[in-house]
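This is what each chain is made of:
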Amino acid sequence: MKRAEDWIRFLRKYGPIARNGNMFDEDIIRTSMRTGIAPITFEHPLIERLISCFDPFSDSLKSVILTGAAGDGKTHLCRQVWEKLGGDCEVWASDEPYVQTTIQHSRKGLIQIHIIRDLSAWVPQQGMVWPAAKEDLIVRFCNLLFMGDPNELFLIAANDGQLIETWRRLDAHKIAMKVSALFEKLLVEDKEEDPSVRLKFFNLSKISCAELFEQALKAIISHERWKDCFEGENGESITFGRQSPIRKNYELLCDSLVRERLKTLFDLCDYNDLHVPVREILLLLANAILGHPDCGGRLMIPNDVARVINSGTVSKASLYNNIFGGNLSVISQDSIPVFNYFNLFRIGRETTNRIDNLLIYGEEDEQFQPVFAQLIGSDSFYGANAAYHSAKRTYIEGADEDNESYKTFLDQLVAHRRALFFKIPHDQEDALGLWELTIFRYAGEFRKKVFHALKEGHKVERRILSRLVKGLNRIWVGMLVDDDRELYLATGLSFSNARVSRILAERISVNPRLGQKVDIILKNNKPVLLVALSKHITCTFQLSLIRYEFLSRVADGALPNSFSKECYEDIMSFKSQALAALSRRRDEDEEEKDEDLVFRLLRIDEHGNPIEESVEALDV
Amino acid sequence: MSEFLAQENIVPRPYQSDHQNISPWLDEQIWGHRIWDSQTPWLLFLEFLTVAEGCLRENKLFDEKGVYYPTQFRPYRRLYLRNILFNNECIFRIDKIYSDSRRAWKEWFEKIEKIAQGVPNRDFTYLQDRFPTFHDFAALIATLRNTAVESNTNRRWSSRFIFPFGSYTLYEDLNLKSGRPSREYINFGRTGELLYLMLCRSRYNEDIRSPVEDALKGKNRLNSLIRLLQPNESEDLQLKGYSYLPYKRHPSFDLLGEDWNSIFNMGLPAFDAFQHLVQLGSFHMMLYQLRTAVWFCSYGKKVRFICEAIAPKKTLIRELSIINYQENNVLTTSAVENYVSQIAQSDSWKSAIEESDSEIDAFTRCKGIMRDEVWWSDDYDGPSNIYSLIAELRNIAMKGHQQHAGNVHRVYGRLVGLVSKRGTNRLRYAPNDALLKSLIIANVSNRMELNKFLDKLYQKYGLIFGEREAEQVLPCESFDQKAFQANTQRLERRLSSMGMLRRLSDACAYVINPFAREE
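Residues numbered from 1 in each chain as written. Chains lettered and ligands numbered in written order. Predicted model: local features only at pLDDT ≥ 70, side-chain atom pairs only at ≥ 80, totals over all residues. Heavy atoms only, no water.

Participant: For this particular structure, what's the right way to read the interface of chain A and chain B?
Facilitator: Often, the extent of an interface is quoted as the loss of accessible area on bringing the components together. Contacts between the two partners involve 40 residues from chain A, matched on the other side by 40 residues from chain B. Each partner contributes to the roughly 3,400 Å² buried at the junction of chain A and chain B, and carbon and sulfur atoms together form 57% of this total. Contact with chain B buries area across many residues of chain A, yet Val188(A), Leu493(A) and Phe495(A) alone supply 18% of it, more than any other trio. Here Arg447(B) ties to Glu184(A) by a salt bridge, and the two come within 2.8 Å at their closest N and O atoms. At the level of elements, helix 8 (160-168), helix 9 (174-188), helix 27 (561-589), strand 11 (598-604) and strand 12 (610-616) of chain A are the ones that each hand at least two residues to the side of chain A that touches chain B. (Contact = heavy atoms within 4.5 Å. Buried area = accessible area lost by both parts, 1.4 Å probe. Salt bridge = Lys/Arg side-chain N within 4 Å of Asp/Glu carboxyl O. Helix = DSSP H or I, 4+ residues; strand = E, 2+ residues; numbered from the N terminus.)

Have a look at this one:
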């Protein structure tokens, strides 16, 4: 039993508890050594490429900058490189931020490797003078980047802010300024390399968090210590038996539908350029299994389980709710980005009549009964329990005006809606409106029919493209245009981005014609809307999920308030880009510019069809 | 005392005979003739363009040739154009009724002949050859009218302005009440002339000459279209000017020039630069007024603005900003008060008293000094003692100041989007999206690290958003690091939603100028 309990305590260390952030990796390693529990590890998607930079048989040796946010695993990766290069474990355990080792290169002989595993701990504090040795080392690194065939290499790990800040402080050195500008460029433009230098610039914040999630989940659920919990005698105990919420949550995480939906949430983060570091993915998973609002630190330890079961509060340990940090205080939820991001999707808060009718009247209503039984009734753990029934009754009867009991019920509804997001089976996604449980109603479509379709080499359906074109037309022109065969590039007389743009500059055919077309393609592995004004002149607009949602909703005739302000400017700057492209095409083709006195006025008829009228003045 | 108040930096005051109606000449001596509160940013810009266009025609754009007063120019009136655009409701009705173009023209000529005002000759028939059909004419007029500046305000037609596509669209504000056109000061209150003079005296006057010249010449089809709406004969132009800007050099002039120069350098498409010039023009005018006021208050403090990045509910920043606003709002009044006190402390005043043998003698001498200094005292009919005289001047000066110049901070502040009442009933600094956008375009050529940007906003304009800046100026007891951090975060979210900020991680964010040309 002790082995099982130790494991739960160890897992808890990954959860949302106060700790020393900078030393996370070191902490875990120490605990692991002490308890003999293997840390949760998996192969980082970058590790091979990282190690190959220091390969003794390679001819393209390169120094490496390893950057990213806190918790992205910089220290962890450095340690793996250190071990791979045969570095001394004792030295590593010293916590010294700067360590050195050597490798025997097949051609060049001995090569020195400098590893600064924590730049912020190594550089002098803000306002202090740089010790000459440190300053020299950085300058040496800078010079090295521009050398043809170096015989020493660096690996520097730092979060991007520190990186920029450190180099800025060395502005007395021209070379440091040059490198600083380079870092900035690589960071902002999302690049790994620049032809002018021998450097690999790995930004861990750019790695898909859905990919990391899959690895992390696998590592957690396949950890050897679970056997200690669920097999043999322990598997019959109160703590780990059939009634245990820890066990239930673990089993849910192993369930393929739950895993898939959870991965989808990380996909949504990726689509919206929201980055979740590895440490937070592990945090989320540990919290999902152990979360309970009434326990110390809001996470269960083995001793809590019996009490939770006896007090009838098992439902508060619901994995479905824990995934969103529902077991934590609002302040903690806000301070942990991954919960912040997940709560942006408003799962549990968004709903439809159909879903709420199912939850509230499902048990009594004939039409809903089978679905209710399947999704809620049959779930003896987190489904409709006695407390739910009584709260529901109070709510429906509405006898007293007691706000407190209303609130209890509404909170329970939130939890149930969240659960539904993980329970609705594939074949009922459309019928029950799975995506309407989130703020992104088009997310399912975006994922399957845009992102995956493109990844698998298919074209995006025409109906989707048409919808986006229609949305774009409405925003760019500022009138309720219904056309989706052509893209209308229009401006105001005075401002190119006038809210209502009545002066037509050009119509671009959506179907390919004379080099013109509008399409959705993949660029840098992300879906973009491509507008081609000619064979050579194109402009692209990255389709993040929020933009996709916005364009789709506008095309459907609704201008959601929460989106409109955020996306409007964004989409208008794409129009500026398209106008600039048009003017390039006109320069190139020596087309007639808008300098004659013919004006193409745009208006729409009562059916939303755009009508173009040319009016003219005669230059006498 | 500021170095800028040294005698050699002050433009000699004009002859009183040029400005006989002004008494006392006091706000004018501190800030110029004149800084006028009821002029919107666009009208200020249009007035500026009108002066610039007049000077360009005489080959002296942004070049005072060492003579700081008087700047003279001959603005256009363009009454044919204005009648066609703004005194011509019948055109649309006629266009609707008559499908036959010839009949439509005939009908319209008859109508406009009766309606037109202020034109020497009521003949508009030159238009018929310039459009293929009457409908083309009417449709274009309708479209042009949509571009009118501040078209939603209820101004009379002779005070309405077309978008400044180029020289043919520029004209002065007029009053046609008597049937004969005369200069109107309500919309063009001369602050645009001050803006012109500020740019003349800015370090960037050479840099912005060419882009302003291009904007004025307006080589574009809209300016050509507007030209076609006017007869070929030239009009009889009258000499205008005589505005007075007291300083030969001033930090605000250079900052204004710097910002305009940056905006021009962005190479924005068509007329898109104008909105930023407009906004920053009035913003700098307001800054100029406050900065100058501080010199007279001898506080020695830098003018600063604690800005709230709009928060959904009351925050500490909002509280601080409200107090800060109120402090700034009395700066100009204090300046006027101090100016009056300085007269009574001047050497000439003291020696007048010392050298006088009686109280009445002193009174007469001091009255003379006051007449020279501020062109006031002849109307004074109070008790014959110098204390009452000074008190009365203070009284009159404050009254005058509070009517107009004293409102500039509030009125311009609100119009340029710096000052806001949103979410509360008291005024404070809470820059809106448009102002933030203009500030980014003027200060970030491509991208800039957020902290550096915040520092620049503080150094250049005194705008405070973040903790680093706040810490420098606030006393310990008002400084709350967390509150300012939250403020920066809100600002960041807003910029990011406008596509003008990219956060790379929790440690690193860049302000992005969306119009930056690719390197």
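Participant: Would you mind going over the sheet that holds strand 11 (residues 508-512) of chain B with me for this structure?
Facilitator: The strand order 8-11-10 (chain B) describes an open sheet built from three strands, whose pairing is antiparallel. Taken across any chain shown, the strands that pair with only one partner, and hence form the sheet edges, are strand 8 (447-449) and strand 10 (501-505) of chain B. Ignoring strand direction, the axes of neighbouring strands in this sheet form an average angle of 25°. As paired strands, strand 8 of chain B and strand 11 of chain B are joined by three bridges and run antiparallel to one another. Looking at strand 11 of chain B, one finds that Met448(B) is bridged to Val511(B). Across the face of the sheet, helix 8 of chain A comes into contact with strand 8, strand 10 and strand 11 of chain B while running at roughly 75° to strand 11 of chain B. Helix 9 of chain A rests against strand 8, strand 10 and strand 11 of chain B of the sheet, and its axis sits at about 100° to strand 10 of chain B. (Pairing = 2+ DSSP bridges. Axes fitted to C-alpha atoms, helices over the stretch in contact; angles between N-to-C directions.)

Participant: Can you walk me through the sheet that holds strand 8 (residues 517-523) of chain A in this structure?
Facilitator: Either a parallel or an antiparallel arrangement is found when strands of a sheet pair, and the pairing is made through backbone hydrogen bonds. All names here are of chain A. If you walk across this open sheet you meet the three strands as 8-9-10, and the pairing is antiparallel. The strands lining the two open edges of the sheet, one partner per strand, are strand 8 and strand 10 (538-542). Taken pair by pair, the neighbouring strands of this sheet meet at an average axis angle of 30°, ignoring direction. Here strand 9 (residues 526-532) pairs with strand 10 via five bridges, running antiparallel. Looking at strand 10, one finds that Val528 is bridged to Gln542. Contacts from helix 24 (residues 443-455) reach strand 8 and strand 9, with the element oriented near 75° to strand 8.

Participant: Teacher, can you tell me more about the pattern of salt bridges here?
Facilitator: When the charged atoms of two side chains lie near each other, side chains of opposite charge can form a pair. All names here are of chain A. Scanning all chains against the criterion turns up 76 salt bridges over all chains. A salt bridge links Glu429 to Arg261, with the nearest nitrogen and oxygen atoms 2.9 Å apart. Note that Glu429 is positioned in helix 23 (residues 429-432) and Arg261 in helix 13 (residues 256-271), a separation of 168 residues in sequence. Overall, Arg261 belongs to the buried group, its relative accessible area being 2%. (Buried < 20%, exposed > 50% of the residue type's maximum accessible area, 1.4 Å probe, protein only.)

Participant: Sorry, what's going on with the side chain of Ser282(B) here?
Facilitator: All names here are of chain B. For Ser282, the location among the structural elements is in helix 11 (residues 274-297). A residue is classified by how much of its surface remains accessible, and Ser282, at 1% relative accessible area, is buried. With residues up to four places along the chain from it excluded, the contact list for Ser282 reads Pro41, Leu44, Tyr412 and Val416.

Participant: Hey, could you run me through the pairing of strand 5 (residues 199-203) of chain A in this one?
Facilitator: In regular strands, side chains alternate between the two faces of the sheet. Across the five residues that make up strand 5 of chain A, a large majority, five, are buried. Neither face of strand 5 of chain A is left uncovered, since the one carrying Leu199(A), Phe201(A) and Asn203(A) and the one carrying Lys200(A) and Phe202(A) both have all their residues buried.

Participant: What should I look at first to understand helix 8 of chain A in this one?
Facilitator: Along an α-helix, residues three or four apart share an orientation, since each turn contains 3.6 residues. The complete set of buried residues in helix 8 of chain A reads Asp160(A), Gly161(A), Leu163(A), Ile164(A), Thr166(A) and Trp167(A). The N-capping residue of helix 8 of chain A, defined by a side-chain oxygen 3.0 Å from the backbone nitrogen of Gly161(A), is Asn159(A). (Polar contact = N/O pair within 3.5 Å; in protein donor to acceptor, adjacent residues only side chain to side chain.)

Participant: Any chance you could explain the domain arrangement of chain B here in plain terms?
Facilitator: All names here are of chain B. Along its sequence, chain B is organised into domain 1 (34-243) and domain 2 (255-519). Spacing between the C-alpha centres of domain 1 and domain 2 amounts to 32 Å. Each partner contributes to the roughly 2,400 Å² buried at the junction of domain 1 and domain 2, and carbon and sulfur atoms together form 81% of this total. It is Ile35, Asp37 and Pro41 that lose the most area in domain 1 upon contact with domain 2, and together they represent 29% of the buried surface on that side. Our count for the domain 1 to domain 2 interface comes out at zero salt bridges. Summed over the shared surface of domain 1 and domain 2, the result is three residue pairs in polar contact (both at pLDDT 80 or more). For the side of domain 1 that touches domain 2, the elements supplying multiple residues, two or more each, are helix 2 (41-57), helix 7 (191-200) and helix 8 (205-217). Of the residues that constitute the side of domain 1 that touches domain 2, the class distribution is 20 nonpolar, five polar and two charged. (Domains from an automatic or database assignment. Nonpolar A, V, L, I, M, F, W, Y, C, P; charged D, E, K, R; others polar.)

Participant: How should I be thinking about the nonpolar core in this particular structure?
Facilitator: Generally speaking, a soluble globular protein has its nonpolar side chains buried in company with each other. Counting residues in each nonpolar core, the largest one holds 173 residues, and the members touching the most others are Phe48(B), Trp108(B), Phe137(B), Trp260(B) and Leu418(B). Per-element tally for this core: the top contributor is helix 11 of chain B, with 15 residues. Counting residues in hydrophobic clusters, the runner-up holds 159 residues, among them Cys229(A), Val278(A), Leu359(A) and Phe421(A). (Core = buried A, V, L, I, M, F, W, Y, C linked by side-chain atoms within 4.5 Å.)

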